[in-house]
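Fold and geometry: a report
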Amino acid sequence: MRTFLIALMCLAAGPALAEPSLIVLARHAERAEDGTKDPSISAAGQARAQALAEALKSAGVRHVITTHYRRTQQTAGPLLTAQGLSPKVFTIKPGAMPVHLQEVAAAVRELDGTVLIVGHSNTLAPLVNALGGPVVQELCETSFSHLFLMTPAAEGRRLVQARYGAVDPAPEGACQ
């Protein structure tokens, strides 16, 4: 945890720009298996959401972006409550993932300070790239602990990959 906080502080340092000073992308927490298309997070997910709030409590988060799905909003919930923030919610329309990615990236570029984006296994890696970061390996469906931290840099965004909360099961296949 200490190493993570040191990395976070180093990334957040830098000149003030008219764009975010730090972009944090997190996968939503574990979902409850309730047979619906929009499940809540599970007890393990609630613990992970608390871990996210704890990991980012001193990061100066000013803006939070989620999708319309409950699991992203509930993952951000403890941090939103602790910081007195409201999320900017984006709806993912069926078959319109490229549009969603561009809308979120455009919205992020208009913000300042630290921005948290809570997304999904199929949105985080493409969002890193849409925000000017490198191509990142796809996330596993069973992986919930990923954090991507991006900062502005003259030669392009710098990216640090980190983990938070409980350890994920070993990845299966070509995902991380």
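A brief look at the structure comes next. Because the structure is predicted, anything quoted here is derived from the model rather than measured.

Looking only at helices and strands, one finds five helices and six strands in the protein. Overall, the protein shows an N-to-C arrangement of helices and strands of α-β-α-β-α-β-α-β-α-β-β. Within the protein, contacts between residues separated by at least 24 positions form 64% of all contacts whose residues are at least 6 apart in sequence. Summed over its atoms, the accessible surface of the protein is roughly 8600 Å², and 57% of this surface lies on carbon and sulfur atoms.

Let us look at the pattern of salt bridges. Throughout the structure, instances matching the rule amount to nine salt bridges. Note that Glu141 is salt-bridged to Arg27, the shortest N-O span being 3.7 Å. Taken together, the positions of Glu141 in the loop between α5 (124–130) and β5 (146–151) and Arg27 in strand β1 (residues 20–27) put the pair 114 residues apart, joining distant regions of the chain. The exposure class of Arg27 is buried, given its relative accessible area of 0%. The residue Asp168 makes a salt bridge to Arg163 at a minimum N-O spacing of 3.0 Å. Relative accessible area serves as the criterion here: at 47%, Arg163 is assigned to the partly exposed category.

Turning our eyes to something else, we now look at the nonpolar core. In terms of nonpolar packing, the biggest core is built from 22 residues, with Leu25, Ile65, Val108, Ile117 and Leu131 touching the most fellow members. Looking at this core, the elements with two or more residues in it are β1, α4 (97–109), β4 (113–119), α5 and β5. Judged by nonpolar contacts, the second largest core, of 18 residues, contains Leu22, Val64, Val118 and Tyr164.

Here we come to the environment of Leu56. For Leu56, the location among the structural elements is in helix α2 (residues 43–56). Through-space distance from the C-alpha of Leu56 to that of Leu79 is 7.7 Å; in sequence the pair is 23 residues apart.

Scanning the entire structure with this criterion turns up zero aromatic pairs. Above the ring of Tyr164, the side-chain terminus of Arg48 is found at 5.6 Å from the ring centroid. Here Arg71 stacks its cationic end above the ring of Tyr69, 4.8 Å away from the centre of that ring.

Now for the sheet that holds strand β2 (residues 61–67). Through backbone hydrogen bonds, the strands of a sheet pair up, either in parallel or in antiparallel fashion. Reading across the sheet, the six strands line up as β3-β2-β4-β1-β5-β6 and stay open at both edges, with mixed pairing between neighbours. At either margin of the open sheet sits one strand with a lone partner, and together these are β3 (88–90) and β6 (158–163). Geometrically, the sheet is characterised by an average inter-axis angle of 20° between neighbouring strands, direction not taken into account. Relative to β6, β5 runs antiparallel, the two sharing six bridges. The partner of Leu149 across the bridge, within β6, is Val160.

Bringing the state of the cysteines into the picture now. Under the criterion given, the structure shown has one disulfide. Residue Cys140 pairs covalently with Cys175 via a disulfide, S to S 1.9 Å. The S-S bond linking Cys140 to Cys175 shows a torsion near 95°; that makes this disulfide right-handed. Taken together, the positions of Cys140 in the loop between α5 and β5 and Cys175 in the segment after β6 put the pair 35 residues apart, joining distant regions of the chain. Its relative accessible area of 3% is what places Cys140 among the buried residues.

All right, on to the pairing of β4 then. Where burial is concerned, most of β4 is hidden: seven out of the seven residues are buried. Direction of pairing for β1 relative to β4: parallel, over a ladder of seven bridges. The residue of β4 that forms the bridge with Leu25 is Ile117. Relative to β4, β2 runs parallel, the two sharing four bridges. Pairing of Val64 across the sheet is with Leu116, part of β4.

Rules behind the numbers
- Residues numbered from 1 in each chain as written.
- Predicted model: local features only at pLDDT ≥ 70, side-chain atom pairs only at ≥ 80, totals over all residues.
- Heavy atoms only, no water.
- Helix = DSSP H or I, 4+ residues; strand = E, 2+ residues; numbered from the N terminus.
- Contact = heavy atoms within 4.5 Å.
- Areas by Shrake-Rupley, 256 points an atom, 1.4 Å probe, with all protein chains shown as cover.
- Salt bridge = Lys/Arg side-chain N within 4 Å of Asp/Glu carboxyl O.
- Buried < 20%, exposed > 50% of the residue type's maximum accessible area, 1.4 Å probe, protein only.
- Core = buried A, V, L, I, M, F, W, Y, C linked by side-chain atoms within 4.5 Å.
- Phe/Tyr/Trp six-rings, centres within 6.5 Å; stacked < 30°, edge-to-face > 60°.
- Lys NZ or Arg CZ within 6 Å of the ring centre and 35° of its normal.
- Pairing = 2+ DSSP bridges.
- Axes fitted to C-alpha atoms, helices over the stretch in contact; angles between N-to-C directions.
- Disulfide = S-S within 2.5 Å.

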